[in-house]
Amino acid sequence: MRIVCVGGGPAGLYFGLLMKRLHPAHHITVVERNRPYDTFGWGVVFSDATMDAMQRWDPDSAAEIQTAFNHWDDIEVFFKGTRQRTSGHGFVGIGRRKLLNILQRRCEALGVELLFEQEVDSDLDFPDADLIIASDGFNSRIRARYADHFQPDMVVRPNRYIWLGTNKLFDAFTFDFRKTEHGWFQAHIYKFDAETSTFIVETTEEAYAAHRLGELDQAQSVAFCERVFAEVLGGASLMTNARHLRGSAWLNFTRLICGRWSTFNGRSHVVLMGDAAHTAHFAIGAGTKLAIDDAIELARQFDAAGHRRDAIADVLVRYEEIRRVDVARIQNAARNAMEWFEVVGRRYADTLAPEQFMYSMLTRSQRISHENLRLRDRAWLEGYERWFATRAGIAPRNTTDRCLPPMFTPYSLRGVTLPNRIVVSPMAVYSATDGMPNDFHLVHLGARAMGGAGLVFGEMTCVSPDARITPGCLGLWNQAQADGWRRIIDFVHANTAAKFGIQLGHAGRKGATKVAWDGIDQPLEAGDWPLISASALPYLRHSAVPRAMDRADMDRVTGDFIRAAELAAAAGADWLELHCAHGYLLSSFLSPLTNQRTDAYGGSHANRARYPLEVFHAIRAVWPADRPISVRLSCHDWTEGGNTPDDAAIYAAMFKEAGADLIDCSSGQVSKEEKPVYGRLFQTPFSDLIRNEVGIPTIAVGAISEADHANSIISAGRADLCAVARPHLADPAWALHEAAKIGLTSIPWPKQYFAGKQQYETNLARAADTAK
Ligand SMILES: Cc1cc2nc3c(=O)[nH]c(=O)nc-3n(C[C@H](O)[C@H](O)[C@H](O)COP(=O)(O)OP(=O)(O)OC[C@H]3O[C@@H](n4cnc5c(N)ncnc54)[C@H](O)[C@@H]3O)c2cc1C
Ligand SMILES: Cc1cc2nc3c(=O)[nH]c(=O)nc-3n(C[C@H](O)[C@H](O)[C@H](O)COP(=O)(O)O)c2cc1C
């Protein structure tokens, strides 16, 4: 085959040399506009996995790269006068120039033709080529030429950064956070050869504009950064080598995804590789890794197909299929890390203590969890757990005691102390008649309270018969129901350390439907009741049309909430939650999708929140002052035109102002058009935003299914409590079992079950030994 790589960056050079090595009969040319030793940038970072793959595919270049690598294990963070360090993180860095020179030499040794100082106009410059690799970087001219086909999707990110270097040598991957009069700046610093460290400075658009950095030339920008980071630089100077960039050299990162990666131009197959196909933010330093991994995968596919010209089209399809998955995974992690740095100033730097700030930073990509940190640096993690436990009021007796991990530390609000931070999330079980709690509810909720959670919620409890979702829903509008609740709550208090919460709600337009197993959200065929909502809009096309509430409806429903709150207090509930989520009555006021009112209860955020806040004030007034009230919000409608997490933050601030103690951060179920993006911990970012930007405690919920998840969330300050729903349906003793799985034997089980505890722990230990 005749192969032309347009662009001699890591992607083009590495693919060229791999193909030549695997099949010397190929004729391969790499065309590069720069001179051989002419390159921008400082050091790049690799992972061990990429290095292993390089070792397998070309041991010669891998050996050279490995000797030139700088390896370091530590991360050090300078923040508010503190200097914190952890180990076990394993990075390797190399100068970009050094890497390219090794690859260039290897290409030459293998017989790849290298053409420097040649500007390529288009793929049509190479009519004889069978295959053209568009390895021409982020500004790929070839991709632009076929933009309609490749469908590049670019998002310009808000932060500004400048890529600098320094001769000061840092022996750890170092982060320095500094606050100026206009906001926070951060430096990402790593050594990559015997004389030089990369020094990337990043800030928000607001701080960039306020300091008028766009008006500075490169030398002035360097001087500015030297002033901001004077302490960490200790007198060393910064350098720029981005002379090819015009202006101030402060850039915005652009995230790139392409709809297609290859095409046929009538004579040659053309395929995107490396930065031409995708970008990953430097916050996890993966751009070069992705370029190298692309090159390896395409070469692997050609090798498997026998390096045949007639296999090119199929090979390109398989290459794209496989690489897309890995690239999406890395881009996801890179996005999390990038977003952390975008919001760090307003969300974390002014709110978190240095210890928690460090933990938050280490777990920013969401790929490193609590237990990963334990594997990396046990001493540091245990020190953090001790710090957290001490703040939660349970200082360990001595430094050798195993400390309770964050999810098992107590949590106090008003006069209530939860024994730990795991919550059984409200879950309707549709098993009541006339709203009456019965034996099923006693056994169901009692079992979950004995299962180790710190707070057990009953399901959405309806404040009147016509507030029910289904005829099977629980209620709290009369004394008999209150007595039923009292029986359950007394059982929980008498037999467990758990506290008990009642979630009060009104179904609104989602009422009068069948129980879940007969058809969720489907209207009742008989015995239905009239519905009310913020506006006269049915939930499903065939649902009953609700009446838009008038003042009299509002007063009646507020009265129902007051009565329910009073009954709940008398029944001994420790905690109340106001259900303002999932498209039910109060949620229907908050979302613009369901609230089209033109009176004082529709329109602006303040108007849409007016009625839910009236209800909140009314129940807060009758609910005992020493017991908390949380508010559940749908923090994202996942629907065009609906509420977003930023809207939820506005509502959270209003509820905070009204005296809410905590926001329970759920999402969705407001519109059937919703397109939620599910995944592990998928709603935790909403909790993180609200807790740290609004400044109110939160519950995170949604796909939290392991102790490791809960510990990571709580340790990082992304929530105060974690609610776990479906896993508690599968396992009433979820919390006790998760404690055992992380080797925590000090969590008590109900005394009647003690023999089971010992056997369970022994079996887990045996299984772990066998797996070794
Ligand atoms: C601030 C910053 C920090 C980074 N840090 C890291 C890091 O720590 N680790 C990491 O792995 N990555 C990092 N990267 C990303 C990394 O630089 C790229 O992802 C990587 O170089 C991609 O390789 P590539 O071969 O696809 O593209 P490039 O390296 O961009 O190479 C493309 C080549 O094509 C040439 N070219 C373009 N157009 C033409 C044309 N028309 N004719 C001839 N030649 C042409 C260019 O001169 C260039 O040499 C960082 C990037 C930035 C901006
Ligand atoms: C069967 C079932 C019933 C539910 N009922 C309620 C409810 O009554 N009130 C409520 O706010 N959320 C309810 N939810 C939502 C859960 O509380 C929780 O937010 C959701 O299931 C996500 O958590 P998970 O991933 O741990 O299951 C219910 C969920 C399930 C699975």
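Note that the structure is predicted; figures quoted are calculated from it, not measured.

Draft legend 1. Spatial organisation of the pairing of strand β21 (residues 455-462). Judged by how many residues are buried, β21 sits mostly within the fold: eight of eight residues are covered. The sheet contact formed by strand β20 (residues 422-424) and β21 spans two bridges and is parallel. Following the sheet pairing, V423 is matched in β21 by L455. When β21 meets strand β22 (residues 499-505), the two strands line up parallel, connected through six bridges. By the bridge assignment for β22, F457 is matched with G501.

Draft legend 2. Spotlight on the nonpolar core. Among the nonpolar cores identified, the biggest contains 138 residues, and F177, F357, W485, I502, L633 and I690 are the most heavily contacted of them. Setting aside chain neighbours within four positions, we find W485 in contact with P437, L445, G458, T461, L474, G475, L476, F500, I502 and A571.

Draft legend 3. Region of the structure containing helix α3 (residues 59-68). Of all the residues in α3, the buried ones are S61, A62, I65 and A68. Viewed end-on, α3 has its buried residues packed into an arc of 125 degrees, placing them on one side of the element. The inward-facing, buried residues of α3 contact α1 (10-22), α2 (48-57), β4 (70-72), β7 (91-95) and α4 (96-110).

Draft legend 4. Inspection of the sheet that holds β20 at higher detail. The strand order around the closed barrel built from eight strands is β20-β21-β22-β25-β26-β27-β28-β29, with neighbouring strands paired in parallel fashion. Taking the axes of each pair of neighbouring strands and ignoring which way they run, one obtains an average angle of 25 degrees across the sheet. Where helix α16 (residues 479-495) meets the sheet, its contacts fall on β21 and β22, and the angle it forms with β22 comes to roughly 150 degrees.

Draft legend 5. Main features of the site of ligand 1. Around ligand 1, 31 residues are found, and the nearest of them are A11, E32, R96, D275 and T288. Within the backbone of R33, a nitrogen or oxygen atom sits 3.1 Å from a nitrogen atom of ligand 1. Here an oxygen atom of ligand 1 and a side-chain polar atom of Y190 are 3.1 Å apart. When the free accessible area of ligand 1 is taken as 1000 Å², the share hidden by the protein chains comes to 91%. Counting residues per element, the ones that place at least two in the shell around ligand 1 are α1, β3 (43-46), β10 (152-166) and α10 (287-304). For the shell around ligand 1, the leading source of residues is α10, giving four residues.

Draft legend 6. Just the site of ligand 2, in detail. Around ligand 2, 16 residues are found, and the nearest of them are S425, P426, R632, A703 and R726. At 3.1 Å, a backbone N or O of M460 approaches an oxygen atom of ligand 2. In the environment of ligand 2, an oxygen atom lies 2.7 Å from a nitrogen or oxygen atom belonging to the backbone of A703. Relative to its unbound accessible surface of 610 Å², ligand 2 loses 82% to contact with the protein. Here the shell around ligand 2 is built from residues that sort into nine nonpolar, five polar and two charged.

Analysis parameters
Residues numbered from 1 in each chain as written. Chains lettered and ligands numbered in written order. Predicted model: local features only at pLDDT ≥ 70, side-chain atom pairs only at ≥ 80, totals over all residues. Heavy atoms only, no water. Buried < 20%, exposed > 50% of the residue type's maximum accessible area, 1.4 Å probe, protein only. Helix = DSSP H or I, 4+ residues; strand = E, 2+ residues; numbered from the N terminus. Pairing = 2+ DSSP bridges. Core = buried A, V, L, I, M, F, W, Y, C linked by side-chain atoms within 4.5 Å. Contact = heavy atoms within 4.5 Å. Arc of directions from axis to C-beta. Axes fitted to C-alpha atoms, helices over the stretch in contact; angles between N-to-C directions. Near = heavy atom within 4 Å. Polar contact = N/O pair within 3.5 Å; in protein donor to acceptor, adjacent residues only side chain to side chain. Areas by Shrake-Rupley, 256 points an atom, 1.4 Å probe, with all protein chains shown as cover. Nonpolar A, V, L, I, M, F, W, Y, C, P; charged D, E, K, R; others polar.

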